[in-house]
Amino acid sequence: FSGAGGGNDIQWCFSQVKGAVDDDVAEADIISTVEFNHSGELLATGDKGGRVVIFQQEQENKTQSHSRGEYNVYSTFQSHEPEFDYLKSLEIEEKINKIRWLPQKNAAQFLLSTNDKTIKLWKISERDKRPEGYNLKEEDGRYRDPTTVTTLRVPVFRPMDLMVEASPRRIFANAHTYHINSISINSDYETYLSADDLRINLWHLEITDRSFNIVDIKPANMEELTEVITAAEFHPNSCSTFVYSSSKGTIRLCDMRASALCDRHSKLFEEPEDPSNRSFFSEIISSISDVKFSHSGRYMMTRDYLSVKIWDLNMENRPVETYQVHEYLRSKLCSLYENDCIFDKFECCWNGSDRQVEFLSLCTSDLSNIVMTGSYNNFFRMFDRNTKRDITLEASRENNKPRTVLKPRKVCASGKRKKDEISVDSLDFNKKILHTAWHPKENIIAVATTNNLYIFQDKMN
Amino acid sequence: MFVRGLKRKCFDGEEDIEGTLAGIKAIPSYNLQRQSLLDMSLVKLQLCHMLVEPNLCRSVLIANTVRQIQEEMTQDGTWQMINTQSTGQASLDRLVSTDILCRSSRDQAEGKHVPAYGTFNKDFESDQAHDSSETMSTASSVQAPRNLQSNVWEMENPQENKGNFQKSLDQIFETLENKSSNSVEDLFSEVDNSYYDLDTMLTGMMSNTKVGHCDSLETFSSPTNTASNSNCKSDLNDLDHIVEILVES
């Protein structure tokens with residue numbers, strides 16, 4: 001990408017990093033989800049401690065035209081608290097599994113955040129003025145002695161320091177026996193789905209005491225359970241279509257118009273197994289950890305342990321493209337199984353849609369042409385579908401000079417290690433990038449390491 | 001989840017391990033690798049963090065892996081060979097195999113001819129003769145899960161760990177010495193099903209998550225999904241939980 005220059009290659013530069021500096025990571029600070037809102041002005045993170053932190057992009061400074069606005073803390077609130085299920089004697093983690101923003105309808109912002117069991121709709125609103133000049137109350141709130149009131153006045157709004165308030169407007173609870181892994185807002189902006197390991201429920205944003213179960217793969221006899229739901233998402237344009245992925249590497253597309261319970265899929269996407277790569281770990285590494293539709297909805301992307309696959313919704317029997325994220329790990333699967341890393345759930349994301357490009361490439365190419373996903377050693381990878389080029393970058397405080405282009409990294413799988421390459425054995429498997437997000441409109445990306453959030457942007461001239 | 005970075009370059013006491021290695025000539029066979037994998041998987045299934053509900057996806061994937069191994073071993077007829085000749089030798093071999101599984105990348109880097117452990121190719125069958133002495137019932141191995149787990153995962157003090165590992169393995173072998181069965185069923189018949197029977201184990205975990213009132217609450221408007229999955233076992237487990245809580249308080 002940042003090679004020979006010219007063309008449309010993006011040159012990524014460090015912009016900011018948020019979070020504690022020390023290596024000793026507090027468990028509660030582990031970032032568990034990252035999401036830009038629809039305009040890209042707000043960037044939300046959720047952590048293991050149940051907190052949501054929202055960053056806001058500064059308005060662009062006209063004098064500093066070479067960089068886009070910085071992201072600063074806008075609001076922090078405790079979304080979920082730890083709970084204890086007394087009937088099962090088990091804790092319910094407060095970790096935020098997913099955050100999804102609603103499109104903005106008025107001055108306030110709304111987002112859905114979920115832990116393993118409960119989804120909450122949060123309203124984030126600004127207050128920058130307050131009424132002053134009450135007749136019966138002093139400015140500090142104490143009531144005035146009525147006998148001292150001799151005149152009447154109309155209270156007026158006066159400016160005050162900006163206060164950002166977050167309040168829970170809806171709580172969608174008690175609908176999931178298993179752990180929620182996904183939430184997805186429908187294109188009708190009125191309903192959304194929530195998926196756990198065995199079931200998917202459909203909600204109306206206004207109604208909290210009822211939800212419709214639309215997928216149920218729980219077998220009558222739990223002893224027969226061999227497959228679970230790993231992710232689900234609504235189609236970006238068709239409000240009756242959604243997909244869900246499984247631990248066996250399949251994706252099912254369902255149409256809610258077909259029946260009330262979408263247990264029978266409309267389409268089943270599955271790639272036949274490569275017999276030469278078969279091992280005891282084949283199924284585990286085929287388990288899909290994330291699924292994302294492209295902007296047009298024509299394609300979808302899935303992430304399994306070693307690769308990213310692009311599927312054309314019109315072709316079920318194999319993906320149209322496959323990108324290897326870290327194929328050098330294939331020979332280490334046993335070790336990765338032992339230390340549980342093989343169960344890490346990496347997410348993936350598409351690039352944002354550039355409006356200029358959008359106009360020009362109406363029919364020719366899909367707007368979604370770059371995919372990004374994380375790896376170990378704080379590396380993350382990007383694949384350009386058009387140029388077929390890929391790049392590996394590192395999220396590290398060591399190379400944090402703004403406007404300096406990030407140096408591409410390379411992992412040496414075997415044989416002689418060249419200078420600047422890193423051998424597979426030196427990779428730090430505790431430093432994993434599971435969550436990344438791409439600004440919906442600009443080339444700004446947010447990359448979460450264990451407890452730090454990095455923001456990179458392309459080099460503007 | 002116990003996460004260990006593979007970045008640790010030195011398994012302390014590497015010299016000791018290599019000294020032991022020097023005495024072992026045979027490369028761990030496919031069957032031994034497979035056995036280790038099976039044991040590792042069973043340990044993983046046992047040791048869910050019981051404070052928080054276990055991750056269902058992970059459990060299902062591990063359980064499927066165990067099933068695969070079981071099926072293959074049944075086809076191979078490997079289940080029938082449980083003759084453990086020398087416990088000391090066998091336990092050392094097992095220690096080696098686990099270490100090598102962890103260190104395969106290092107060995108490869110150093111140019112040793114060690115097979116890739118990620119892919120268990122069926123073609124890789126060497127030293128079948130050794131297999132009979134090394135294969136053992138995995139049922140009892142689960143009975144010492146804590147020792148096994150803590151010593152396989154934590155390589156910080158391998159000298160001490162090796163000793164413990166050996167001890168726990170010896171325990172396992174002791175209980176096995178008198179066992180010899182010719183069929184899979186016999187093998188399982190003397191085992192506490194709640195430990196080894198995969199299906200029961202899975203059900204046991206699942207029954208923790210089955211709660212009558214939750215089931216009814218979660219599907220208000222979906223008449224097609226009213227199949228009641230509660231069975232006696234789950235009810236009993238729930239009862240146990242309730243009694244536990246009551247008694248403790």
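Coordinates for the structure precede this section.
The present account deals with the structure reproduced in this document. This structure is a prediction, so every number in the text was calculated from the model and none was measured.

1. A closer look at the sheet that holds strand β17 (residues 241-246) of chain A
Residue and element names in this part refer to chain A.
Here comes step 1: Within the open sheet, the four strands sit side by side as β16-β17-β18-β19. Their pairing is antiparallel. Taken across any chain shown, the strands that pair with only one partner, and hence form the sheet edges, are β16 (229-234) and β19 (267-269). The mean inter-strand angle of the sheet, taken between neighbouring strand axes irrespective of direction, is 20°.
Here comes step 2: As paired elements, strand β18 (residues 251-255) and β19 share three bridges and run antiparallel to each other. Within β19, the residue paired with I251 across the bridge is F269.

2. Focus: the pairing of β16(A)
All names here are of chain A.
Here comes step 1: Judged by how many residues are buried, β16 sits mostly within the fold: six of six residues are covered.
Here comes step 2: In the sheet, β16 pairs with β17 via five bridges, with the strands oriented antiparallel. Pairing of I229 across the sheet is with S246, part of β17.
Here comes step 3: Between β16 and β17, which pair antiparallel in sequence order, lie six residues.

3. Topic: the pairing of strand β13 (residues 191-195) of chain A
All names here are of chain A.
Here comes step 1: Extensive coverage of β13 is indicated by the burial of five of its five residues.
Here comes step 2: As paired elements, strand β12 (residues 182-185) and β13 share four bridges and run antiparallel to each other. Bridge pairing links S184 to L193 in β13.
Here comes step 3: As consecutive antiparallel partners, β12 and β13 are separated by five residues, and within that stretch Y189 has a phi angle of approximately 55°, a positive value.
Here comes step 4: Relative to strand β14 (residues 199-204), β13 is paired through five bridges, and the arrangement is antiparallel. Along β14, the bridge assignment pairs Y192 with W203.
Here comes step 5: Taking the residues between adjacent antiparallel strands as the criterion, β13 and β14 are bridged by three residues.

4. Concerning helix α2 (residues 30-46) of chain B
Here comes step 1: Relative to the 24 Å expected for 17 residues at 1.5 Å per residue, α2(B) spans 24 Å between its end C-alpha atoms, a close match to the ideal helical length.
Here comes step 2: Counting buried positions over the 17 residues of α2(B) gives 16, a clear majority of the element.

5. Some details on the sheet that holds strand β15 (residues 207-216) of chain A
Residues and elements named next belong to chain A.
Here comes step 1: Strand order across the open sheet formed by four strands is β12-β13-β14-β15, with antiparallel pairing between neighbours. If you trace the sheet from one side to the other, it starts and ends with β12 and β15, each paired once. Between one strand axis and the next, the sheet turns through 25° on average, direction left out of account.

6. Structural notes on the environment of Y305(A)
Residues and elements named next belong to chain A.
Here comes step 1: Among the secondary structure elements, Y305 is positioned in the loop between β21 (299-303) and β22 (307-312).
Here comes step 2: Sequence separation between Y305 and S238 is 67 residues; the distance between their C-alpha atoms is 29 Å.
Here comes step 3: The contacts of Y305, once residues within four sequence positions are left out, are I285, S287, H326, L329, L333, L336, C341, I342, D344, F346 and Y376.
Here comes step 4: At a separation of 3.4 Å, a polar atom in the side chain of Y305 contacts the main-chain carbonyl oxygen of C341.

7. Digging into the nonpolar core
One recurring pattern in soluble globular proteins: nonpolar side chains tend to sit buried together.
Here comes step 1: The biggest cluster of nonpolar side chains holds 44 residues, and the ones touching the most others in it are F281(A), Y305(A), L329(A), L336(A), Y337(A), I342(A) and L427(A).
Here comes step 2: Mapped onto this core, the elements with two or more residues apiece are α1 (282-286) and α2 (333-338) of chain A together with α2 and α3 (56-76) of chain B.
Here comes step 3: Once you skip the residues sitting within four places of it in the chain, Y337(A) turns out to touch F281(A), I284(A), I342(A), F343(A), L37(B), M40(B), S41(B), K44(B), I62(B) and T65(B).
Here comes step 4: Core analysis: the second largest hydrophobic core is formed by 18 residues, I10(A), I433(A), V447(A) and F456(A) among them.

Rules used in this analysis
Residues numbered from 1 in each chain as written. Chains lettered and ligands numbered in written order. Predicted model: local features only at pLDDT ≥ 70, side-chain atom pairs only at ≥ 80, totals over all residues. Heavy atoms only, no water. Pairing = 2+ DSSP bridges. Helix = DSSP H or I, 4+ residues; strand = E, 2+ residues; numbered from the N terminus. Axes fitted to C-alpha atoms, helices over the stretch in contact; angles between N-to-C directions. Buried < 20%, exposed > 50% of the residue type's maximum accessible area, 1.4 Å probe, protein only. Expected span 1.5 Å × (residues − 1). Contact = heavy atoms within 4.5 Å. Polar contact = N/O pair within 3.5 Å; in protein donor to acceptor, adjacent residues only side chain to side chain. Core = buried A, V, L, I, M, F, W, Y, C linked by side-chain atoms within 4.5 Å.

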